[in-house]
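# Summary of structural features
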Amino acid sequence: MAADITALTRWVALFRDRIAAEQERLTALDSAIGDADHGANMARGTMAAAANVAETRPKTVAEFGKAVGMALVSSIGGASGPLYGTFFLRLGTAGDGLDELDGPALARALRAGLDGVVSRGRAEPGDKTMIDALAPAVAAFEAGADDIAAAAAAAARAAREGSDATEALVARRGRASYLGERSAGHLDPGSVSSALLFEALADALAE
Ligand code: ADP
Ligand code: MG
Ligand code: MG
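Residues numbered from 1 in each chain as written. Chains lettered and ligands numbered in written order. Predicted model: local features only at pLDDT ≥ 70, side-chain atom pairs only at ≥ 80, totals over all residues.

### Regarding the overall build of the protein
Helices and strands together make up the secondary structure of the protein, namely eight helices and two strands. When its helices and strands are written in sequence order, the protein yields β-α-α-α-α-β-α-α-α-α. Relative to the globule expectation of 17 Å for 207 residues, the C-alpha radius of gyration of the protein, 16 Å, shows essentially globular dimensions. Viewed in the frame of its principal axes, the protein has a C-alpha envelope of about 45 × 35 × 30 Å. The burial tally for the protein puts 54% of its 207 residues in the buried class. Long-range pairs, those at least 24 residues apart, make up 66% of the contacts in the protein with a sequence separation of at least 6. (Helix = DSSP H or I, 4+ residues; strand = E, 2+ residues; numbered from the N terminus. Rg over C-alpha atoms; globule rule 2.2 N^0.38 Å. Buried ≥ 20, exposed ≤ 12 C-beta atoms within 10 Å, placed from the backbone. Contact = placed C-beta atoms within 7 Å.)

### Structural notes on the environment of aspartate 147
Considering the arrangement of structural elements, one finds aspartate 147 in the loop between α6 (131–143) and α7 (148–164). Along the chain, aspartate 147 and aspartate 102 lie 45 residues apart, while their C-alpha atoms are 9.1 Å from each other.

### Points about the site of ligand 1
The immediate surroundings of ligand 1 are formed by 23 residues, with Gly78, Gly121, Thr129, Gly174 and Gly190 found nearest. Every element with two or more residues in the shell around ligand 1 is listed here: α2 (38–56), α4 (80–94) and α8 (189–206). Considering every element that reaches the shell around ligand 1, the biggest residue donor is α8, with three residues. By residue class, the composition of the shell around ligand 1 is six nonpolar, 10 polar and seven charged. (Near = placed C-beta within 6 Å. Nonpolar A, V, L, I, M, F, W, Y, C, P; charged D, E, K, R; others polar.)

### Examining the UniProt feature "domain: DhaL" (unreviewed entry) in the protein
Mapped onto the present numbering, the UniProt feature "domain: DhaL" (unreviewed entry) falls on residues 6–203. Secondary structure across residues 6–203 comprises 71% helix and 1% strand; the distance between its end C-alpha atoms is 13 Å. (UniProt positions renumbered as here; feature names shortened; annotations may be inferred.)

### Considerations on the nonpolar core
The biggest cluster of nonpolar side chains holds 66 residues, and the ones touching the most others in it are Ala137, Phe141, Ala152, Ala155 and Leu201. Secondary structure elements with two or more residues in this core: α1 (5–33), α2, α3 (61–75), α4, α5 (103–121), α6, α7 and α8. With 10 residues, α8 is the single largest residue contributor to this core. (Core = buried A, V, L, I, M, F, W, Y, C linked by C-beta atoms within 7 Å.)

### Topic: the packing of α4 against α5
To characterise two packed helices, one gives the angle between the axes of the helices and the distance between these axes. Their axes nearest at 7 Å, the elements α4 and α5 cross at an angle of 140 degrees. Accordingly, the angle class assigned to the pair α4 and α5 is oblique. Crossing of α4 over α5 shows right-handed handedness. Note on element contacts: α5 touches α4 through Arg108, Ala109, Leu110, Ala112, Gly113, Asp115, Gly116, Val117, Arg120 and Gly121, opposite Pro82, Leu83, Thr86, Phe87, Phe88, Leu89, Arg90, Leu91, Thr93 and Ala94. Of the residues contributing to the contact of α4 with α5, the split by class is 11 nonpolar, five polar and four charged. (Axes fitted to C-alpha atoms, helices over the stretch in contact; angles between N-to-C directions. Parallel < 35°, antiparallel > 145°, perpendicular 65-115°, else oblique. Left-handed = near helix turned anticlockwise from the far one by under 90°.)

### Re α2
Taking 1.5 Å of rise per residue, the 19 residues of α2 would be expected to cover 27 Å, and the 26 Å separating its terminal C-alpha atoms lies within 8% of that figure. Every buried residue of α2 is listed here: His38, Gly39, Asn41, Met42, Ala43, Gly45, Thr46, Ala49, Ala50, Asn52 and Val53. Its buried side turned inward, α2 meets α1, α3, α4 and α8. Just downstream of α2 lies arginine 57, where phi reads positive at about 45 degrees. (Expected span 1.5 Å × (residues − 1).)

Structure below.
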């Protein structure tokens, strides 16, 4: 099995649905160590992204990445917009010329997306950001990429574990870093939305 445009489209719709279901929780997390807008930002962004894909009907992975990435960048005001936007734009570029991604190709695309977020935001693992969920998820996917559905399930588990581990960390990037030591004891909201991103991918590839 490979992730074709139908599966990728399902991924974005499921991401939107998971964000909608968790919107209040994401906002509550961001109100503890940020400015209480991560739920609204992600709800607006994922709604715009899913709608843009439905309207523009991308035919290639590159068109898909652009449709999602541009919608996220232009509809989210906060830091998460350019970061998630870059993730999807780079993912699309990595799949340039393809109309589906098999496991290894999806692993390369996810790695390219992660690299884009790192170069854009300059966060390292342990800085208490979405990178703490995205990086272990991509590594887990790569480790099992020959079985795409199992790899996506393992990536989702790794993302959730990485997100859970942000609770103990002191933030060194983003708005939460302004709190210094007081940021410890709370989950990073962006890591939680990144866990939802990979849970949505696992669901999209299990169907
Ligand atoms: P804002 O902080 O502008 O209000 P959001 O609340 O939507 O934006 O997103 C905050 C999330 O963005 C954080 O929880 C964190 O995971 C992520 N984030 C912030 N800055 C960075 C960065 N430099 N690198 C990676 N992720 C970051
Ligand atoms: Mg915020
Ligand atoms: Mg904000």
